[in-house]
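These are the residues of each chain, in order.
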Amino acid sequence: MLVSKKSLSRRDLLEDRRFAATRYYGSKRRQIGWLAQHLLELSPTHVLDPMGGTGTVSHALSLLGIEVTYGDLFRFNVQAARGLFTSNKENVLQARRAVQTAISCDGIITREFSGMFFTDDENRWLDGVMKKIGFGKAEGYRNVLFYALAQACLKKRPYNLFHRANLYMRLSDVPRTFGNLVTWNTSFVDHINTSLLDAIRVSESLVAPITVVDACDATDHKGNFDLVYVDPPYFRKKSSTDSYMRRYHFLEGLANYSNWHTLFDVNSGVKEFKQECRPSEWDSADKVLAGIFSVAETYSRASLAISYVDEEEPSIRRITHALKKVRKKVRHVSIATSTALSNSTRREMLIIATN
Ligand SMILES: C[S@@+](CC[C@H](N)C(=O)[O-])C[C@H]1O[C@@H](n2cnc3c(N)ncnc32)[C@H](O)[C@@H]1O
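These numbers were taken from a predicted model, which means no experiment stands behind them. (Residues numbered from 1 in each chain as written. Predicted model: local features only at pLDDT ≥ 70, side-chain atom pairs only at ≥ 80, totals over all residues.)

## Describing the domain arrangement of the chain
1) Next: Once the domains are mapped, the chain shows domain 1 (1-67 + 216-232 + 284-355) and domain 2 (74-211 + 241-283).
2) Next: Centre-to-centre separation of domain 1 and domain 2, based on C-alpha positions: 26 Å.
3) Next: In this complex, domain 1 contributes 27 residues to the contact, which on the side of domain 2 involves 22 residues.
4) Next: Elements with a contribution of two residues or more to the side of domain 1 that touches domain 2: α3 (56-63) and α14 (285-298).
5) Next: Partitioned by chemical class, the residues of the side of domain 1 that touches domain 2 number ten nonpolar, ten polar and seven charged. (Domains from an automatic or database assignment. Contact = placed C-beta atoms within 7 Å. Helix = DSSP H or I, 4+ residues; strand = E, 2+ residues; numbered from the N terminus. Nonpolar A, V, L, I, M, F, W, Y, C, P; charged D, E, K, R; others polar.)

## Quick word on the site of the ligand
1) Next: Surveying the vicinity of the ligand reveals 23 residues, the closest of which are Gly-26, Met-51, Gly-53, Thr-54 and Leu-73.
2) Next: Here the residues of the shell around the ligand are counted per class, giving ten nonpolar, eight polar and five charged.
3) Next: Both domains that furnish three or more residues to the shell around the ligand are identified here as domain 1 (1-67 + 216-232 + 284-355) and domain 2 (74-211 + 241-283). (Near = placed C-beta within 6 Å.)

## Observations regarding the environment of Gly-52
1) Next: Looking at the secondary structure, you find Gly-52 in the loop between β1 (46-49) and α3.
2) Next: Residues Gly-52 and Leu-304 lie 252 residues apart in sequence; the distance between their C-alpha atoms is 15 Å.

## Digging into the confidence of the model for the chain
1) Next: Residues with a pLDDT of 70 or more make up 92% of the chain, whose mean pLDDT is 91.
2) Next: Contacts from residues 1-6, a stretch scored under 50 in pLDDT, to residues over four places away or in other chains number 13 contacts. (pLDDT = per-residue confidence, 0-100.)

## Concerning the packing of α14 against helix α15 (residues 316-324)
1) Next: Where α14 contacts α15, the axes come no closer than 10 Å and their chain directions differ by 25°. When the axes of α14 and α15 are compared, the pair comes out roughly parallel. Relative to α15, α14 is oriented so that their crossing is right-handed. Here Leu-289, Ile-292, Phe-293 and Ala-296 of α14 lie close against α15, whose contacting residues are Arg-318, Ile-319, Ala-322 and Leu-323.
2) Next: A class-by-class count of the residues in the contact of α14 with α15 yields seven nonpolar, no polar and one charged. (Axes fitted to C-alpha atoms, helices over the stretch in contact; angles between N-to-C directions. Parallel < 35°, antiparallel > 145°, perpendicular 65-115°, else oblique. Left-handed = near helix turned anticlockwise from the far one by under 90°.)

## Some remarks on the packing of helix α4 (residues 75-86) against helix α8 (residues 139-155)
1) Next: Remark: α4 packs on α8, axes separated minimally by 7 Å, with the N-to-C direction vectors making an angle of 115°. One element, α4, and the other, α8, form an angle in the roughly perpendicular class. The way α4 lies across α8 gives a crossing that is left-handed. Contacts from Phe-76, Gln-79, Ala-80, Arg-82, Gly-83, Leu-84 and Thr-86 of α4 reach α8 at Gly-140, Asn-143, Val-144, Phe-146, Tyr-147 and Ala-150.
2) Next: Of the residues belonging to the contact of α4 with α8, the class tally is seven nonpolar, five polar and one charged.

## A few points about the pairing of strand β5 (residues 303-309)
1) Next: The element β5 is largely enclosed, with a buried count of six among its seven residues.
2) Next: With four bridges connecting them, strand β4 (residues 227-230) and β5 associate as parallel partners. Bridged to Val-228 within β5 is Leu-304.
3) Next: As defined by bridge partners, β5 adjoins strand β7 (residues 345-354) across six bridges and the pair is classed as antiparallel. When the bridges of β7 are listed, Tyr-308 appears paired with Met-349. (Buried ≥ 20, exposed ≤ 12 C-beta atoms within 10 Å, placed from the backbone. Pairing = 2+ DSSP bridges.)

## Remarks on the environment of Ser-62
1) Next: Locating Ser-62 in the fold gives a position in helix α3.
2) Next: In the structure, Ser-62 is positioned 15 residues away from Val-47 in sequence and 9.8 Å away in space, judged by C-alpha atoms.
3) Next: Ignoring sequence-local partners within four residues, the contact set of Ser-62 consists of Val-68, Leu-206, Val-207, Ala-208 and Ile-210.

## A look at unusual backbone geometry
1) Next: Between Glu-313 and Pro-314 the backbone carries a cis peptide bond, its omega angle lying at -5°.
2) Next: When you line up the elements, Pro-314 lands in the loop between β5 and α15.
3) Next: Positive phi values are uncommon outside glycine, yet Tyr-159 reaches one of about 65°.
4) Next: Here Tyr-159 is to be found in the loop between α8 and α9 (168-171).
5) Next: By the C-beta count within 10 Å, which is 15 here, Tyr-159 ends up partly exposed.
6) Next: Backbone geometry at Lys-271 places phi at a positive 55°, although glycine is not the residue there.
7) Next: Tracing the chain through its elements places Lys-271 in the loop between α13 (260-263) and α14.

Right, dumping it as structure tokens:
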């Protein structure tokens, strides 16, 4: 562990502005100081973050001098993480030039997504910029531009999601009780330029290396990890919960732009991916429970730290019961927290299982 090289106290981490801004559902940005402190107490040397999402936890561990392997099931998350962690001044400059000179054109977004998520002009611009990303020679530039574009797409969407074709919420001329209109109507170029600054700040701050692995299931990683940090989806007890695929299919489409037309379901109201084209997400309480057990068995020598919230499915009791079969000690720590989309308080948990 290289903590002495650049030592950050828990307080520094909590207040640190180096973490990239994000609207991603389930990001650990708000709890990162608390979480990182508990992970640090386990004295890991190489952590696997196989459900890495925005990469916030991988970033925090790198700042603490701990080597990390980042993974996620979805290509859009992996490409964005590559952009975030490997950007440099040159590829950010190239990305900036590319968005300034992108020429709007007709493409799959203009043809298939009219009236759903963005305006027709924005769709034509998106097709234009995706063409630029496709033809870009340098991988670094393509990744950092993709990262910033994905952030811009999230910012310009009601609820920051693609689960409903609700462009009308942005466009209807009604008195508003909530104030996202300015963000929605800020141009892609302006949002992208803001996120490019974030990317350069993040990549320059890294201390220990972060390896970003191609999109794969949480159990498919190879390596000698002494800690696996698992941040699974969870499911509401009383109502249905959208899957990550449902929330972000449009971004996964962007990450598969050249063959997107073969992936989406024409009969879906939001043109979500066809069932057979979806990667095998942990999209039910039973799959999360089975998945956690399988992660514990796959990385049998590693300690596990599992982020969770109270009162959701599968219950903490069931997860703890499953973990007790494969690790000697299981304990919990928790903190009161609120989510980005609501101010209601709940308890953020960390389940720690060690040998
Ligand atoms: C709660 S989010 C993780 C958030 C992340 N810790 C952060 O701070 O941004 C859960 C993640 O699990 C990923 N995921 C779902 N099923 C998966 C699977 N089978 N293997 C790997 N990742 C999966 C989703 O894509 C999503 O990014």
